[in-house]
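These are the residues of each chain, in order.
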Amino acid sequence: MHSRFLSGCGLAVVACAIATPAIAQERQFDIPAQPLPGAIASLGRQAQLQIVAPGDGIDQIRSRPLKGRMDARTALRLLIGGTGLEVAADDGARIVLRRVRESEARAAAPSDAAAADDIVVTGFRASLNKASEIKRNSDAIVDAVAAEDIGQLPDNSATEALARLPGVQVFRNRGEGQSITIRGISSVVTMINGQEAYTGASRRTLLNSYPAGLIRSIEVYKALTPDLIEGGIGGAVDVQLRQPLDFKKGISVAGTVRGTYDDQADKLMYNGDVLIAGNWDTGAGEIGAMVNASYTRRDYYESYRENLGPQTNAAGYSFPSGILAKNPKGRYERPVLTGEIQWRPAYNFGMYVRATNVTDDNTYTDTDFQTNIAANTVLRNVQLVDGTNIVKSASFTATANSGARSNHTRQLLDTTQIEVGADFTSGIAKLTTSAVYTTSRVETDQQLFLLGFNKAPTIDAVFQSDSKWGGLSYSYPSVDLSDVSQFHVRAYSDTRERQKGKGLQWRTDLELDTGTGFFRSFKTGFRYARRTVQYRSGTGLVDLNALNLPMSAFPGGATPAVLSRRPGGDDAAIPTGWVGYDATYLNSEANVIALNNYVRTLKGGYFTDDGRPAFDPINAFDGKENSFAAYGQFKYGFELAGVPIDGVAGARVVNTWLSINGTQSIAERTPSSGGTVTRFQPIHGRQNYLDVDPAISAVAHFTPQLQLRAAWTKTFSRPDFSNLNPTVALVQVQSSSGDYTGTATAGNPDLKPVRSNNWDLSLEYYLGRTGSLSLAGFYRDVRGYIVRTKVPDDSIPGALGTVDVTKFVNAGDGYIKGIEVAGSTFFDFAPGILRHFGASANYTYIDSRQDLPATAATAAFKGQTTGISKHSYNASLFYDDGRFRAKVAWSWRSDFTLSYNLVDPTKNLNWYPISRLAASASYNINRNLSLTLDGTNLLNRPQRAYWGTKAFTDRVYFEGRSYSAALRFKF
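Keep in mind that this is a model prediction, so the values were computed, not measured.

**Student:** Explain a nonpolar patch on the surface to me, using residue names and the numbers behind them.
**Tutor:** Together, V257, F884, Y923, I925, L929, L931, L933 and L967 make up an exposed nonpolar region whose accessible area comes to about 660 Å². Of the residues forming the nonpolar patch, the biggest block, three residues, is contributed by strand 49 (residues 929–936). Within the element layout of this structure, I925 appears in the loop between strand 48 (914–924) and strand 49. Owing to a relative accessible area of 41%, I925 belongs among the partly exposed residues under this scheme.

**Student:** Explain the pattern of salt bridges to me, and be specific about the residues and the numbers.
**Tutor:** Evaluation of the coordinates by the stated rule reveals 48 salt bridges. Where E230 meets R652, a salt bridge forms, and the shortest distance between an N and an O atom there is 2.9 Å. Of this pair, E230 sits in the loop between strand 12 (215–223) and strand 13 (235–241) while R652 sits in strand 34 (residues 643–670), and the two are 422 residues apart along the sequence. Note that K249 is salt-bridged to E286, the shortest N-O span being 2.7 Å. Taken together, the residues span a long stretch of sequence, with K249 in the loop between strand 13 and strand 14 (250–262) and E286 in strand 16 (residues 285–301) at a distance of 37 residues. Of the residues examined, K249 reaches a relative accessible area of 32% and is grouped as partly exposed. Taken together, the salt bridges that share partners define one network made up of K135, D143, R183, K222, D760, R780 and E820.

**Student:** Give a description of the packing of helix 3 (residues 36–47) against helix 4 (residues 72–80) that names residues and reports values.
**Tutor:** For any two helices packed against each other, the geometry comes down to the angle between their axes and how far apart the axes lie. Contact pair helix 3 / helix 4: the axes reach a minimum separation of 11 Å and the direction vectors enclose 170°. With respect to helix 4, the axis of helix 3 lies roughly antiparallel. Counted together, L36, A39, I40, L43 and A47 of helix 3 and A72, A75, L76 and L79 of helix 4 form the full contact between these two elements. In terms of residue class, the contact of helix 3 with helix 4 is made up of nine nonpolar, no polar and no charged.

**Student:** Outline the packing of aromatic side chains, listing residues and values.
**Tutor:** Enumeration according to the criterion identifies 37 aromatic pairs in this entry. Ring geometry for Y528 versus F628: centroids 5.2 Å apart, planes at 40°, classification tilted. Of the two residues, Y528 is situated in strand 30 (residues 519–543) and F628 in strand 33 (residues 620–640); the sequence distance between them amounts to 100 residues. Residue classification places Y528 among the partly exposed positions, given a relative accessible area of 22%. Grouping aromatic residues by their ring pairs yields a cluster made of F449, Y492, F554, Y581, Y585, Y598, Y606 and F607.

What counts, and where the lines are drawn
Residues numbered from 1 in each chain as written. Predicted model: local features only at pLDDT ≥ 70, side-chain atom pairs only at ≥ 80, totals over all residues. Heavy atoms only, no water. Patch = residues over 30% accessible without salt bridge, like charges linked within 9 Å, V, L, I, M, F, W, Y side chains within 5 Å. Areas by Shrake-Rupley, 256 points an atom, 1.4 Å probe, with all protein chains shown as cover. Salt bridge = Lys/Arg side-chain N within 4 Å of Asp/Glu carboxyl O. Helix = DSSP H or I, 4+ residues; strand = E, 2+ residues; numbered from the N terminus. Buried < 20%, exposed > 50% of the residue type's maximum accessible area, 1.4 Å probe, protein only. Axes fitted to C-alpha atoms, helices over the stretch in contact; angles between N-to-C directions. Parallel < 35°, antiparallel > 145°, perpendicular 65-115°, else oblique. Contact = heavy atoms within 4.5 Å. Nonpolar A, V, L, I, M, F, W, Y, C, P; charged D, E, K, R; others polar. Phe/Tyr/Trp six-rings, centres within 6.5 Å; stacked < 30°, edge-to-face > 60°.

Taken by themselves, the reported measurements are silent on function.
Next comes the structure, spelled out in structure tokens:
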């Protein structure tokens, strides 16, 4: 049989024979993507195994890269998966491959009815399998999210997908997850294809900006190896984008059309993306081209009821400094365009160029009704929370400067990234190089229109109500809030902020495959990065209270708007609506300028820059940062007591040079000045520091399924540019008696990076094709936490004495330690339909402490690191039979401290536990079309916060549910 098959197909013998045990023995494989015959030959050599494959036509097929420790059968299955080849014979000494018969290929396709005992590796299975392979074979400690198919992440956005990984926590605002922490640390490097990605003057980018259709995988590195970019003590998130030569030969088209409904915004939104890729063999080699265009629009409507920060009166009662009903409302639009050309003139040499533009256009029209409460306000009918001095309910007369506030914000983020790269392989050497140029701008324009009562009203308030979710409940018994004649205009402000960021980064890496001895490979490289940032801001805040003008006197004020809608699921009594300025009038800059010009006729000196506020030199800085990094690492391997052990050891050396310019202002009053004199002068900051970050990891392979991974690393995070701003605003007074007081607010160009020593341990067990169990422990010894506090300073230029300066400082040390438990599998072992079900779950426990400095009112103390929940869970149940798949996912995180008030701990802001439920279902109509339904935040539980103690609720905040339907296509 074998001879007939060999003669019929024309075979190429691609490796030498070896004894049977070579097949079952685990080996380290490292095979780059290349034409399939070369890849099979490489696998044969590295496995010391004879493999016979068809000799005609397969040179037109390009293999996927294969890297990691596994047995030869597993390696071969991964290498030939999807290539049209299968194993025809395997006698232990030789493996013979053949082409899959066309009828068999059709039968295996998920669009046809699979036999009852077939397991189709698509959808959730494919995603879990890819993510598991990334984790299993990585030299670093990593978790991953892999796309199920072109344009299909397991969740609707990158951030929501990451939120399901152990140790990753997400903070949500304005309708979406916006920031993440890794094992409790927010200082995280965000990367695209291994190069740093950022927006404006920040050091990070919003991961949701990149469309799902372009993403191959998202990898979360929790312990870095020397070849990964520095700058995040929490770790790194690397978004790997697809490339043209990843697709099949010819033209590939894929896309999604999605409609989404938000039940609180009561809006239906339409989004879509399309990817077109071409992959051709030409006389000049393989050439690929790809274009991806996407458009996302999201409308949201949120609802707050909130007690503002606590205050204490002469009687010792603690009560809010104000109460607030707030309705953030807005939309964001994100068009993203990416184009890439890839050329591989030879199997061992390739080049590419990619350009991506992300535009994030946000419009907010927040509307709220704020009632201010002075500390000396007379409280009547006071009832206290049992056992405390916290006021539960009271009646009082509000200050007249309370009333409706209408806020209009337009924020435009625009980032363009151009990447050029190449790779070359020769013998044992592989050289890669890439350069990325980034330009990014953030333009924010915000107008705030405030009304005040003509006559101060009486309020009946329950600050800590017995409603379902607690918190604020109140009413104005004698005032009609929808009657515009009850109000006058008390203030107006216009703010504009401009950020610009530019950067060039170039990295080159050389890897040498040194064989199967102790030194398996050696890798070295360098990276140069240059960043420039520019920040400008100006505000015109005009107090109009004394003029007592009606809103109708102002442009856009003739037609008032009623500005509230209650969320579903809340039973607290709050005003059902109020009158206010219609902020949608300010969508036009011409209307903004018209309003500003009218306000100038009432009070001069404002909006002097072509009808907009002039930039304030105190709110401006220009920075330049250069960094030079070089690293070396080697992959080693040996056996100890019959257990194979391998790992990576090396170090990364980084030199950072910073130059940043700002402005110092001195507002001075002395006996000789005859009044207050303000002077401005340039101020400059400079830094140069060197970091040496060693790293060593080891993986003990007890069995092919069970491994123990350990790592020790050193990392650092640079301060944000806004914290490094050298600007100082000094106010000083010297009396005729010589008494001196000086206060200032400042940035700190001398801030040092936050540095961390990290220990990680992970026990991992891999079962079946998609299953895994893991138990991990970690410890972070963090030095130089950055906090904002008040410190005495006698070195400020121009100061007449010691000044109390409020600024950012490296305040102290701390630690973060914890465990992660995770597991996921499909029930492939179960009978019948049960084998199509699967489940995943993870739990993270984090204990943290950080030193917080003393103030004039409080002693130094240790507190939990902000933003960290001690406990968090994720659990999912899913079904996937190849044609239909469904998933229900639940997440929960325990309470956490969001911010500390170092002077008054009763004003520490803490968050209650947060839980979310999401569900999705997808049906493959045929091999080219699928329909997906999704629902998020299905529990519709509000987020809640409290001041200092749970007896003093801060806010109750409803997001609303969203439902979507998507049609995906590919051909």
